[in-house]
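Topology and contacts: notes
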Amino acid sequence: MEHRFDFLVIGSGVAGLLFALKTAEHSRVAIVTKKVLTDSNTVYAQGGIAAVTSDSDDFELHVRDTLEAGDGLCDESVVRTIINEGPSRIQELIDLGVRFSQLEDGRVSLHKEGGHSKRRILHVQDLTGKAIETALLRSVESHERITLLEHVHAIDLITNRKLALRGHQVEANGTRILGLYGYDSLKEQVCTFAAPAVMLCTGGVGQVYLYTTNPPIATGDGIAMAYRAGAEIRNMECIQFHPTALYSGEERFLISEAVRGEGGTLRNLDGHAFMADYDRRGDLAPRDVVARAIDSEMKKAGTRHVFLDISDKPLAFLKERFPHIHAHCLGQGIDISREPIPVVPAMHYLCGGVSTNLCGETGLEGLYACGEVACTGLHGANRLASNSLLEAVVTAHSGAGAVDAYLRRNPDRLPDLPEWVDGNLQDSDERVILSHNWDELKRTMWDYVGIVRTTKRLDRARTRIRNLKREIHDYYWNFKVEPGLLELRNLVEVADMIITCALQRKESRGLHYTLDYPEKMPVPVNTRLGS
Ligand SMILES: Cc1cc2nc3c(=O)[nH]c(=O)nc-3n(C[C@H](O)[C@H](O)[C@H](O)COP(=O)(O)OP(=O)(O)OC[C@H]3O[C@@H](n4cnc5c(N)ncnc54)[C@H](O)[C@@H]3O)c2cc1C
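Report follows, based on the coordinates. Not measured: the values here are computed from a predicted model.

**Description of the site of the ligand**
Around the ligand, a shell composed of 38 residues is seen, among which T42, G48, D221, E372 and S388 lie nearest. In the model, a nitrogen atom of the ligand is placed 2.9 Å from a nitrogen or oxygen of the A154 main chain. S388 places a polar side-chain atom, nitrogen or oxygen, 2.7 Å from a nitrogen atom of the ligand. Out of a free accessible area of 1000 Å², the ligand has 99% covered by protein chains.

**Let's talk about the sheet that holds strand β12 (residues 233–234)**
Taken together, four strands build an open sheet; the order of strands is β19-β17-β12-β20 and the sheet is mixed. Among the strands making up the open sheet, the edge pair consists of β19 (374–375) and β20 (528–529). Across two bridges, strand β17 (residues 353–355) lies against β19 in parallel orientation. Across the sheet, the residue bridging to V354 is A374, located in β19. Where helix α6 (residues 221–229) meets the sheet, its contacts fall on β12, β17 and β20, and the angle it forms with β17 comes to roughly 40 degrees.

**Side note on the side chain of S337**
Looking at where S337 falls in the secondary structure, it is placed in the loop between α10 (323–331) and β16 (341–350). A relative accessible area of 15% places S337 in the buried class. A distance of 2.7 Å separates a polar atom in the side chain of S337 from a polar atom in the side chain of D335. Discounting residues that sit within four places of it in the chain, S337 has contacts with S311, L315 and L318.

**Describing unusual backbone geometry**
Of note, the phi angle at D71 is positive, near 55 degrees, even though the residue is not glycine. Of note, D71 is situated in the loop between α2 (59–70) and α3 (76–95). Overall, D71 belongs to the buried group, its relative accessible area being 19%.

**Focus on α2**
Between its first and last C-alpha, α2 extends 16 Å over twelve residues, near the 16 Å set by a 1.5 Å rise per residue. Every buried residue of α2 is accounted for by H62, V63, D65, T66, A69 and G70. Buried residues of α2, seen end-on, are gathered within an arc of 165 degrees and therefore sit on one face of the element. Where α2 is buried, its residues touch β4 (49–50), α3 and α11 (387–409).

**Overview of the packing of helix α1 (residues 14–23) against helix α4 (residues 128–141)**
For the pair α1 and α4, interaxial distance at closest approach is 10 Å and the crossing angle is 35 degrees. As for the relative orientation of α1 and α4, their crossing is left-handed in sense. Two secondary-structure elements touch here, α1 through V14, L17, L18 and L21 and α4 through I132, E133, L136, L137, S139 and V140. Looking at the contact of α1 with α4, its residues break down into eight nonpolar, one polar and one charged.

**Details of the sheet that holds strand β15 (residues 306–309)**
Overall, antiparallel pairing links the four strands, which are arranged β13-β16-β15-β14 in an open sheet. Where the open sheet ends on each side, the last strands, each with one partner, are β13 (239–246) and β14 (265–267). Between one strand and the next, the sheet's axes are offset by a mean angle of 45 degrees, whatever the strand orientation. Relative to β15, β14 runs antiparallel, the two sharing three bridges.

**Quick notes on the packing of aromatic side chains**
The final tally for this structure, using the stated rule, is eleven aromatic pairs. Relative to F19, the ring of F7 has its centre 5.3 Å away and its plane inclined at 50 degrees; by these criteria the two rings are tilted. One end of the pair, F7, is in strand β2 (residues 7–10); the other, F19, is in helix α1, with twelve residues separating them in the sequence. Each of the two residues, F7 as well as F19, counts as buried. Measuring from centroid to centroid gives 5.0 Å for Y211 and W446, while their planes differ by 85 degrees, and the two rings are edge-to-face. Here Y211 is found in the loop between β11 (198–200) and α6, whereas its partner W446 is found in helix α12 (residues 431–448), with 235 residues between them in sequence.

**Considering the pattern of salt bridges**
On inspection of all chains with the given rule, the structure shows 42 salt bridges. With its nearest N and O atoms 2.8 Å apart, the salt bridge here joins D57 to R120. Here D57, found in the loop between β4 and α2, pairs with R120, found in the loop between β5 (110–111) and β6 (121–122); they are 63 residues apart in sequence, far enough to count as distant. Summarising the burial analysis for this pair, D57 and R120 share the class buried. For D65, the salt bridge identified is with R64, shortest N-O distance 3.7 Å. In this structure, a network of salt bridges that share partners links the residues D156, R228, R466, K469, R489, E493 and D496.

**Overview of the environment of D277**
Here D277 is to be found in the loop between β14 and α8 (287–301). Here D277 falls in the exposed class, since its relative accessible area comes to 52%. Along the backbone, D277 and A293 are 16 residues apart, and their C-alpha atoms lie at a distance of 8.9 Å. A distance of 2.8 Å separates the side chain of D277 from the side chain of H272, its partner in a polar contact.

**Description of α4**
With 14 residues, α4 extends 20 Å between its outermost C-alpha atoms, agreeing within 8% with the 20 Å of an ideal straight helix rising 1.5 Å per residue. Here α4 has its buried residues at T128, G129, A131, I132, E133, A135, L136, L137 and V140. Summarising the contacts, the buried residues of α4 are in contact with α1, β3 (29–32), α3, β6, β7 (146–149) and α11.

How each quantity is defined
Along each chain, residue indices are assigned from 1 in the same order as the chain's sequence is written. Selection of residues for local features in this predicted model requires a pLDDT of at least 70, selection of side-chain atom pairs for listing and counting requires 80 or more, and totals for whole chains, interfaces and linings are taken over all residues. In computing side-chain properties, one takes all heavy atoms of the structure into account and sets aside hydrogens as well as water. Whether a residue is near a molecule or strand depends on its heavy atoms: if one lies within 4 Å, it is near. Polar contacts here mean pairs of N or O atoms no more than 3.5 Å apart (in protein, one a potential hydrogen donor and the other a potential acceptor; neighbouring residues in sequence count only if both atoms are side-chain atoms). Residue-level accessible areas treat just the shown protein chains as cover; the underlying method is Shrake-Rupley with a 1.4 Å probe. Strands pair, by our definition, only if DSSP identifies at least two bridges between them. Only DSSP runs of H or I with at least four residues qualify as helices, and only runs of E with at least two residues qualify as strands; both kinds are numbered from the N terminus onward. Contacts are residue-level and defined by heavy atoms, with any inter-residue pair within 4.5 Å sufficient. The angle between two axes is taken between their N-to-C directions and runs from 0 to 180 degrees, where each axis is a line fitted to C-alpha atoms and a helix contributes only its stretch in contact. For each residue, the accessible area found with a 1.4 Å probe, counting protein chains only, is set against the maximum for its type, and the residue is called buried under 20%, exposed over 50%, and partly exposed in between. Helix span, expected: 1.5 Å multiplied by one less than the number of residues in the helix. To obtain the arc, one takes the directions from the helix axis to the C-beta atoms. Crossing handedness is read from the near helix: turned anticlockwise from the far helix by less than a right angle, it gives a left-handed crossing, and turned clockwise, a right-handed one. Three residue categories are used. Nonpolar comprises Ala, Val, Leu, Ile, Met, Phe, Trp, Tyr, Cys and Pro, charged comprises Asp, Glu, Lys and Arg, and polar comprises the others, including Gly. The pairing test for Phe, Tyr and Trp rings, Trp by its six-membered ring, is centres within 6.5 Å, and the orientation test on the planes gives stacked under 30 degrees, edge-to-face over 60, and tilted for anything in between. What counts as a salt bridge is simple: a side-chain nitrogen of Lys or Arg found within 4 Å of a carboxyl oxygen of Asp or Glu.

What follows is the structure, given as structure tokens:
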């Protein structure tokens, strides 16, 4: 079955929802999302959104903090534009109904997080992402030019080039987007979506690692799809491990950096506050420094976690500032007002992704990317805390203008698209291969491509991941598609990209730290794949 739209947005996190709202002012837009609308990284965001909104802050300071965290790989003009645009986009969120937390005197409450020289994180208690997502959904759901398609799992982009390779008569200059194949999990069938332009807002890749703060949807689908379509991918080795995830079973619930911003102290199991031994900024050093310090303390003492202690603050303060964290920990038997919280680092955020400019334009005609899936140059080699929601709202705004101009320049000239062909494929009866490969992939990435890397471990990981890739590829072409298989195929592609980029970078910079090249190269360069 073929569906036609002016524009397709894949993903319903902050980037996809805000972008769709803006684009719908001129076009008919469909949002395709693989589960329900609220399944996203966005709803998990606790700390908040960074922007210069107080008289005691300064745009130059926010720029400087971002460049310092990014360790030479940021694009300074992108950094300046995004930071300068922050206050206007915050006002827009307020106009859409986001009620940022206020102090008793009515001023907005600003948190401080690692790497920030000022208090500048606007937040809604410790549920900021959920508040933003709820406000955006209210507007999106009532918009007459937006069609919402839940439970549709984007499989692959349709391009003129792919069709030409399969012998279809299409104009084949350059690569141009024509639509998308998506698997409808409720109807259990693949649908064809024709659209002259597609915005990827598919979020991050957390599920490629064994332990992550990301929800199950974070399987790198957009990056893998863009790569297969021929787009350029950058800096995939720059994986941010959040230093403080709750240590409990398999789950890695985030303990926001704002807890350290409010005085929380990291201690080893002997009770020693160790961060001052590693960095002059102590507990508020940037995330890469803190994550490596924790890793080193755990390795030195052979322990499975360290502690984050905020028990000197009154219960009323903790319940007011961190109600979600307080309640979650209590549910796990930890009263944070009385005892320290056991924490470990966990995979949290991808700084690399699909190369785009500030408007979300990739190198392919009609393909755009925005949010965590994209690499604009804001984060460089290490994201400054709470800059990602900021990046998503600023680029969703500028992207809408660019897409509108593209659609005006290219009035609908879509050919008829071929239907997806399933052939004689059978339902998979070998699901154990999926679960086994899924486990092996995550374990390999965790053990060999973690916080501290070596060339030998990366080589070992590459051999294993390439074997898995071959096996999963064979499986993909032999069995009927299903969401688990689609995600695994994308994860193994993403794992390969992370390792390949990590092997390209023969230095330690930002989040990429290797014992074989502990120094920085004199000139910072982006690692690149594809295109
Ligand atoms: C625990 C946690 C806390 C965080 N805290 C903060 C914070 O305080 N401040 C901050 O700035 N950032 C924070 N971040 C990061 C931030 O939340 C994300 O970077 C941001 O929300 C990403 O938004 P997005 O719209 O790009 O992607 P997401 O919100 O992840 O949305 C991606 C969407 O794409 C859909 N999708 C994916 N693949 C497909 C497919 N194949 N087909 C169809 N749909 C698909 C998903 O279902 C989802 O709807 C945090 C992240 C986590 C996990």
